[in-house]
Amino acid sequence: MMISDFGLSKPSDRVSNSASVVQGHISYIDPQCFIKDSYKRNKKSDIYSLGFILWEIISGQSPFESFKTREQIAIHVFKGEREIPVEDTPKEYVTIYKRCWNEDP
């Protein structure tokens, strides 16, 4: 499986070291980017994104649709909040995507 951030992805050896700009669809961005000023995205960051892709597949909607702004999503995620598991989702599937959302990559 290849994870992309809708046109902003680059090979890891070409990623900018600048942490001052958080780019991409905010719902899929690794929370470490909000927590650590010098955090450089890596393969572990993709695992966080994968968790939301798995959640999106089962829910049929984009993450955090009820939020109006990028800032609201960032604050919600920064506080350790994530999407709510969809009712009747197999426990094993929920466990997989919740593990992807772990704050410690």
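The structure presented is a predicted model; accordingly, all values stated were derived computationally and were not measured.

**Student:** How should I be thinking about helix α2 (residues 43–59) in this particular structure?
**Tutor:** Each turn of an α-helix holds 3.6 residues, which means side chains three or four residues apart point in the same direction. Helix length check: α2 (17 residues) gives 25 Å between terminal C-alpha atoms against 24 Å at 1.5 Å per residue, within 8%. Regarding α2, the residues found buried are Ser45, Tyr48, Ser49, Leu50, Gly51, Phe52, Leu54 and Trp55. Those residues of α2 that are buried lie in contact with α3 (70–78) and α4 (91–100). Just downstream of α2, glycine 60 is the residue with a positive phi angle, here 75°.

**Student:** I would appreciate a short explanation of the packing of aromatic side chains in the present structure.
**Tutor:** Aromatic ring pairs: the centre-centre distance and the angle between the two ring planes describe each pair. In the structure shown here, the tally under the stated rule is 7 aromatic pairs. Seen in terms of ring centroids, phenylalanine 52 and tryptophan 101 are 4.5 Å apart; in terms of plane orientation they differ by 25°. Their pairing is stacked. Of this pair, phenylalanine 52 sits in helix α2 while tryptophan 101 is found in the segment after α4, placing the two residues 49 residues apart along the sequence. Here phenylalanine 52 matches tryptophan 101 in class, with each residue buried.

What counts and what doesn't
- Residues numbered from 1 in each chain as written.
- Predicted model: local features only at pLDDT ≥ 70, side-chain atom pairs only at ≥ 80, totals over all residues.
- Heavy atoms only, no water.
- Helix = DSSP H or I, 4+ residues; strand = E, 2+ residues; numbered from the N terminus.
- Expected span 1.5 Å × (residues − 1).
- Buried < 20%, exposed > 50% of the residue type's maximum accessible area, 1.4 Å probe, protein only.
- Contact = heavy atoms within 4.5 Å.
- Phe/Tyr/Trp six-rings, centres within 6.5 Å; stacked < 30°, edge-to-face > 60°.

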